[in-house]
Structure formats: C-alpha cells, structure tokens
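Notes for the structure review
So the chains spell out like this:
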Amino acid sequence: MTGDLLAISDLHIGYAENRRIVEELRPGGADDWLIVAGDVAERFDDIEWALKTLRGRFAEVVWAPGNHELWTLPDDPVQLRGEARYRALVELCRGLGVHTPEDPYPVWDGPGGPVAVAPLFLLYDYTFRPRGTATKAEALAAAHAAGVVCTDELLLHPDPYPDRESWCRARLAETDRRLAERHPALPTVLVNHFPLRRDPTYVLRHPEFALWCGTEHTADWHLRHRAAAVVYGHLHIPRSTVADGVPFEEVSLGYPREWTPRGGPAGPRRILPRGRA
Ligand SMILES: [Fe+2]
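Described below are features of the structure shown in this document. Because the structure is a prediction, the values reported are computed rather than measured.

Secondary structure assignment for the chain yields 8 helices and 10 strands. For 277 residues, the compact-globule estimate of 2.2 N^0.38 gives 19 Å, and the C-alpha radius of gyration of the chain, at 18 Å, lies within 12% of that figure. Principal-axis analysis of the C-alpha atoms gives the chain an extent of 50 × 40 × 40 Å. Classification of the 277 residues of the chain by burial places 44% in the buried group. Sequence-distant contacts, at least 24 apart, represent 74% of the contacts inside the chain between residues at least 6 apart.

Moving on, we come to the nonpolar core. Counting residues in each nonpolar core, the largest one holds 71 residues, and the members touching the most others are Ile35, Val117, Val189, Val191 and Val231. Tallying contributions element by element places strand 7 (residues 227-232) first for this core, with 6 residues. Leaving out residues up to four positions away in the same chain, valine 117 has contacts with Ile35, Val62, Tyr105, Pro106, Trp108, Val189 and Val191.

Across the sheet, 4 strands lie side by side as 3-2-1-10; this open sheet has mixed pairing. Edge positions in the sheet fall to strand 3 (60-63) and strand 10 (269-272), since each of these pairs with one other strand and no more. Averaged over all pairs of adjacent strands, the angle between their axes in this sheet comes to 30°, without regard to strand direction. Relative to strand 2 (residues 33-36), strand 1 (residues 5-8) runs parallel, the two sharing 4 bridges. Bridge assignment links alanine 7 to a residue of strand 2, and that residue is isoleucine 35. In the packing of helix 2 (residues 44-55) onto the sheet, the strands contacted are strand 2 and strand 3, and the crossing angle to strand 3 comes to about 145°.

So, on to the environment of arginine 224. Within the secondary structure, arginine 224 is located in helix 7 (residues 221-224). Given 13 C-beta atoms within 10 Å, arginine 224 falls into the partly exposed group.

The rules behind each value
- Residues numbered from 1 in each chain as written.
- Predicted model: local features only at pLDDT ≥ 70, side-chain atom pairs only at ≥ 80, totals over all residues.
- Helix = DSSP H or I, 4+ residues; strand = E, 2+ residues; numbered from the N terminus.
- Rg over C-alpha atoms; globule rule 2.2 N^0.38 Å.
- Buried ≥ 20, exposed ≤ 12 C-beta atoms within 10 Å, placed from the backbone.
- Contact = placed C-beta atoms within 7 Å.
- Core = buried A, V, L, I, M, F, W, Y, C linked by C-beta atoms within 7 Å.
- Pairing = 2+ DSSP bridges.
- Axes fitted to C-alpha atoms, helices over the stretch in contact; angles between N-to-C directions.

So this is what it looks like as structure tokens:
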C-alpha cells in the first residue's frame, strides 16, 4: 500500500474562507487517509457537510471531537447536549463511514505503518492550572480576573455528568481501557483534539486558557500506549515538537485572522511516513 496518513484540525467552517478550503482540499493520491482532530464546526449540518465532503475524497477519514462540535448553539436545530450530543455525532459519522473514538481503531498499513490510528475523546479537567492556584475554583477565579474564560463554560454542557471534569474522568477510564485492549505489538497514532501534555500550552498568549486545554492524567499516554506520533489541535498554534522521542503534531488550520498573517492556510500535515518532504 502507498499513500500518506495526513492530519488537520480546527477547520471552523462557519468561516466562509475555511469552508472554501475544505471544498478545495484534495488528497495527493487515492490511498491517502485524513485525520480530522476536532473543531470542524458547531452546527450539525456544517459538521455533516464537511465530513461527508472529505469522506468522498480520502480513502479513510478518522474523526475525534473538539469542544466546538459539543457546543449547543441556540440556532442549531439539533439541541442535544453533552453525552447525548456526542453520541449523535458518533452516529452521524458512522452513517458517513467516518471512524470515531467509539469504533475499532483502524490500522494504517501504508508507509510508516502498521499503526493503530486511535481517535480519542478525553475533554479536560481543569488540572492545567495557572501558577499560584491549587484548585479548580482558584484557577477559574484567576482566569475570570484575567478576563480569559472559554466559551465552553456557557455552551459545552456536561449532561448527564455534573461537570466537565466528571465527564473527562469517565472518558479517561473508558479510553485507557480501550487502548489497552488493542494488540500490544501494534504502535498507535493517538489523535486527541486537546493536547495530551501540558507543555504545548506554555506558549499560549493567555496562560489561563490552559485550563480548558487538557488533563495532567494523559502526560505519559504517548509512552504507555506506544505512540508513533501524537496528533492534536485546539491551541491554534500549528507546530511540531518531540517528547521522549515521540513527535507531537499540532495540526490546526485555525481562524482566517490567524492564518492570513502567516501567508495563507496550512494544508493537512503528513503524520506518516515521517521524514519525507
Ligand atoms: Fe478546540
């Protein structure tokens, strides 16, 4: 098998310019796979359009949810909240033939493989706390004082869990179990909208925003689950870093106001094979 394992996130196709980018996005060859690491859009019809469009072009599409897919906007005809919304997104993807965190992990057998491509939905638990704070309440107070509060606080409902950190805890337990079940000889490509480690958040312009960016509990998952690479987004700071010899790829497209000063939008990043321009 030939082809490339490609990844992109944070498509935000509510912006016309970004929608056009998705319209024009094409694989380099018939065997290319595309990982979509969350924040496609907020409205169900937009999410469906984008994933259906991409599924029609790539040999496989693998999706992990971002926080924006989980927002319940007042003008979305789909008013589901929390877990019910997530489950409806999973069913939408299944209907389109898109892999989700609830499905068996597809195996990339192309160049750089074989690896299990594992989309994850883990959320965050307010443990990426600002310096000088020790609890979620203190951390949130500091964020409010700095004027940095993620819109998730208003639109990402945790139902039926009492709060987002409880939902995160349930996802961590379930996902850790699923990952441990895969064939132990098979390395992984871990795909999570939120960074698995805190260090990528150190470059955030507003450090308080890290509260809504992940959980300390996944700091060693790239080692525990034998990651050949880790793919994430959410920060809108596209870059490649390495931790313990494992490449971490932030693959966000981001908002037009972010990619315009960079000279234009970045296309999907090649995850495998590595080391080829
Ligand atoms: Fe996000």
